[in-house]
Structures are given as C-alpha cells and as structure tokens.
Amino acid sequence: MRDDHPVDTAAVIAVRGLEKTYASGHQALKRVDLTIKRGEIFALLGPNGAGKTTLISIICGIVRATAGTVTADGHDIVRDYRAARSAIGLVPQEISTDMFETVLDTVRFSRGLFGKPRDDAYLEKVLRDLSLWDKRDAKIMTLSGGMKRRVMIAKALSHEPTILFLDEPTAGVDVELRRDMWAMVRGLRERGVTIVLTTHYIEEAEEMADRIGVIRKGEIILVEEKTALMQKLGQSQLILQLHPPVTALPEELAGLPLVLSDDGYELVYTFDSQADRTGIAGLLRRLGDLGIGYRDLQTRQSSLEDIFVTLVRSQP
Ligand SMILES: Nc1ncnc2c1ncn2[C@@H]1O[C@H](COP(=O)(O)OP(=O)(O)OP(=O)(O)O)[C@@H](O)[C@H]1O
C-alpha cells in the first residue's frame, strides 16, 4: 500500500493505484483507487466494457494487475492470496457448476476447496436462507433458472466469506425473482456480509446500494453515498399543465430553463432543489403577469438513471 493512503480500519477492500493493460495493449483499468467499507452494499455501475469484470477479477485473483495493490480483509491479494481469497465469495455472471451434482454435494465440495472443515449445520443454514433446503438432494440440472442462480450464491457462501461479489446478479431474471434476490442480498448484509455488485439495472442500484461507484473507460469517475448522490446531482422539474395552451414562449421568459411541449400544453421548468432559491415563486408570478394560465402543476425528482446517463455522457 502506498504511504499517502492512510489505512482505513473500516475498509474491507482497499484498491490502490490499480492498473490493467491486457496483452492486446488495451488499458482496461487506469489507476483505480477504491475503498469498500465493511458491511455495506456497494454497487459498481458502468457501461459495457468499462472495466467492471476486470476489476472484480483482479480482486478475486483471477486476473493479474499490471500495477497497484489490493487488500481484502487486510490480506494482500498477491502476497497473501489464500487468506485474501478465502475472505471472498464470488458469484460470476454465468452459471458454471456441475449440472449432475446435487445441491448439497455442490456446496460441500466448494467449501472443501477452501480447506474448510465440513460443517453441515452452516451449509443447512445457507441453503435454508436461499430457500434451497428442500432441493438439497436434487441434481442442479433439474432446477429452474432462478434456483440455479441461488445455488451459485450458496456455492459462493459455502466457505463463510465476509465479502460477496455479485457480477450482474439479476441479468435476464424476471421482475419477481429480481425482487426475491434483492431481499435475499439485504438479508446477507444484515448478517454482516459486505456486498459488492455490478449491475446494468440502475433501478437495482437505486433500490439496494448504500454507496455507488461509477466506472467509465477504466476510471472510477465517482463514488458517493446513494442518497447524497441523488440529492447532489439530481435535478428537480416543475411541470405545468397550461390552460389554454400557448404556441410559443414570450420573449420575456427567454433565458430561463424552460421547455414547452410541441402541443403547447406542458411547460417544464428545471431547477436545483438544493439551492436556496428555486426561482419557482418568481416564475409563477411572471407567468401570471404575462397572462399564461395553468390548471395543474407537479414536481418530479430525477432518478438515478437520469443522473447516470448524464454522468457517463458528460465525461470526455
Ligand atoms: N482478456 C482480455 N484481453 C483483452 N481485452 C480484454 C480482455 N478482457 C476484457 N478486455 C477488454 O477490457 C475492457 C473492459 O472489459 P470488462 O469485461 O472488464 O468490462 P465490463 O465493464 O465488465 O463490461 P460488461 O458490462 O460488458 O461486462 C473491454 O474493452 C474488454 O474488451
């Protein structure tokens, strides 16, 4: 670890100056610094090819970094690989397991790979938590897609890791199952497991994450508490239903952040809800002076999706 980074005792994963250039010459990670706090749910968001899987693969010891260091639960992932790796459970994007094995044998075998002594009571608890206990003697090939995914999570938890990585946990999963997964992940966090997830579903991050990191072209461009992020970068809009409609905005309103719909019925005013003055009172007064009437008004807060799209587009 470099000297200019004080050790954060709450950090369960510390990534410092991490770089990865593939043999093709492609630079997938550019000096990434990232701290994951113990007990949080951290969502890593980024467009396709941003470097999410590369970052996770390095932390999990599957891909070797070109430069930089990572510690997991205090263990350097290169110098102290076994200890670092045993602190981590990884649920990969693809379902990869022996389809002819039973559920219980699969998780027992996985636990054994980490050199942990057999502990059927612990594995029973994991399978019960994932609603898989009734299926413990079923061959994996006979399970539904959602159950197979849960087996992958049970496998990742079999050696009692303190950190769980979920790479696109709900890709291609229906809405109901996605909600079950979210509830289950929250349950794991309540039992003290730190969760790092990557997702394409912004709604998933909005729903689940305590903190959000945005990665783009191999660089972490932002790490923020979700609520602070939404307050800071979120914009609010005031939507006025005009009555009667207008064909164009008068000159007097030029320069204000106003957009008139094509049919002239809707006027949208964008403002910063954190600012001392939103300008709404002044706007409504001016509309009144100009004889522009409205019969309804609502406000809308931008979603994490709006924020994400703006962030990813705005960077050069
Ligand atoms: N083994 C490899 N050799 C060369 N380039 C690679 C290799 N693996 C990944 N890359 C490239 O590195 C970049 C980052 O890939 P990575 O899989 O980490 O992105 P990602 O953010 O996980 O994307 P996705 O959301 O599509 O899974 C991409 O441009 C990818 O083509």
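Residue numbering note: each chain is counted from 1, following its sequence as written. A pLDDT threshold of at least 70 governs which residues receive local features in this predicted model, and a stricter bar of 80 or more applies before side-chain atom pairs are shown or counted, although totals over entire chains, interfaces and linings include all residues.

## Some points on the overall build of the protein
For clarity, the cut-off: The way it works is that DSSP assigns letters per residue, a run of H or I at least four long becomes a helix, a run of E at least two long becomes a strand, and they are numbered from the N terminus. Computation of the radius of gyration draws on C-alpha atoms, with the globule rule given as 2.2 Å multiplied by the number of residues to the power 0.38. Partly exposed residues are those whose C-beta has more than 12 but fewer than 20 other C-beta atoms within 10 Å; with 20 or more the residue is buried, with 12 or fewer it is exposed, and the C-beta atoms are placed from the backbone. In this description, a residue-residue contact is defined by the distance between C-beta atoms placed from the backbone, which must lie within 7 Å.
When helices and strands are tallied, the protein shows 10 helices and 14 strands. Rg of the C-alpha trace for the protein: 25 Å, well past the compact-globule value of 20 Å for 316 residues, more than 25% over. Principal-axis analysis of the C-alpha atoms gives the protein an extent of 80 × 50 × 35 Å. Buried residues in the protein amount to 30% of all 316 residues. Long-range contacts, defined here as pairs at least 24 residues apart, represent 70% of the contacts in the protein between residues at least 6 apart.

## Things to note about the site of the ligand
Selection criterion: Any residue whose C-beta atom, as set from the backbone, lies within 6 Å of a molecule or strand is reported as near that molecule or strand. Polar here means any residue outside two lists: the nonpolar Ala, Val, Leu, Ile, Met, Phe, Trp, Tyr, Cys and Pro, and the charged Asp, Glu, Lys and Arg; Gly therefore counts as polar.
Around the ligand lies a shell formed by Tyr22, Ser24, His26, Ala28, Gly46, Asn48, Gly49, Ala50, Gly51, Lys52, Thr53 and Thr54. The leading source of residues in the shell around the ligand is helix α1 (residues 52-59), at 3 residues. Here the residues of the shell around the ligand sort into 3 nonpolar, 8 polar and 1 charged.

## What to know about unusual backbone geometry
Residue Pro244 follows His243 across a cis peptide bond; omega there is -5°. If you trace the backbone, Pro244 turns up in the loop between β11 (236-242) and β12 (258-260). We note that Glu160 has phi near 60°; this positive angle belongs to a residue other than glycine. Structurally, Glu160 is set in the loop between α5 (145-157) and β7 (163-167). Residues other than glycine seldom take positive phi values, yet Lys217 does so here, at roughly 45°.

## Describing the confidence of the model for the protein
Spelled out, the test is: pLDDT: the predictor's confidence for each residue, scored from 0 to 100.
Here the protein averages 88 in pLDDT, and 95% of its residues register 70 or above. Confidence drops under a pLDDT of 50 for residues 1-5, and excluding neighbours within four residues, the segment shows 7 contacts in the predicted structure. Here the complex is predicted with pTM 0.78, and the ipTM for its interfaces comes to 0.95.

## Details of the sheet that holds strand β1 (residues 11-21)
Where we set the bar: Here, a strand pair is defined by DSSP locating no fewer than two bridges between the strands.
Spatially, 4 strands are ordered β2-β1-β4-β5 in an open sheet, and the strand pairing comes out antiparallel. Since the sheet does not close on itself, it has two edges, and those belong to β2 (27-37) and β5 (75-76), each with one partner. As paired strands, β1 and β2 are joined by 7 bridges and run antiparallel to one another. Residue pairing in the sheet places Ile13 in a bridge with Ile36 of β2.

## A closer look at the pairing of strand β3 (residues 41-45)
Here is the key point about a regular strand: its side chains alternate between the two faces of the sheet. A large share of β3 lies buried, amounting to 5 of its 5 residues. Residue alternation in β3 divides its side chains into two sets, Ile41, Ala43 and Leu45 and Phe42 and Leu44, and both sets are buried. Sheet analysis places β3 next to strand β9 (residues 211-216), joined by 4 bridges and oriented parallel. Looking at β9, one finds that Leu45 is bridged to Val214.

## Focus: α1
Within α1, 6 of the 8 residues are buried, leaving the element largely enclosed by the surrounding structure. Among all positions of α1, only Lys52, Thr54, Leu55, Ile56, Ile58 and Ile59 are buried. Directly beyond the C-terminal end of α1, a positive phi value near 80° is found at Gly61.

## Some details on the pairing of strand β8 (residues 194-199)
Where we set the bar: By convention, orient the strands away from the viewer: a clockwise path from the first strand over the helix to the second makes the crossover right-handed.
The buried fraction of β8 amounts to 6 of the 6 residues, a majority that puts the element mostly inside the structure. Bridge analysis of β7 against β8 gives 5 bridges, and the strand direction is parallel. Residue pairing in the sheet places Leu166 in a bridge with Leu197 of β8. Each parallel crossover has a hand, and for β7 linked through helix α6 (residues 175-190) to β8 it is right-handed.

## Structural notes on the sheet that holds β7
Our working rule: Axis definition: a line fitted to C-alpha atoms, over the contacting stretch in the case of helices. Angles run 0 to 180 degrees between N-to-C directions.
Taking strand neighbours across the sheet as the criterion, the 6 strands line up as β6-β7-β8-β3-β9-β10 in an open arrangement whose pairing is mixed. In this open sheet, the two edge strands, each paired with only one partner strand, are β6 (88-91) and β10 (219-225). With direction set aside, neighbouring strand axes in the sheet form an average angle of 15°. Judged from the 6 bridges that link them, β9 and β10 form a sheet pairing that is antiparallel. The residue bridging Gly213 from the neighbouring strand is Val223, located in β10. Most of the contacts of α1 go to β7, to which it runs at about 150°, and overall it touches β3, β7, β8 and β9. Docked against the sheet, α6 engages β3, β7 and β8, running at close to 150° with respect to β8.

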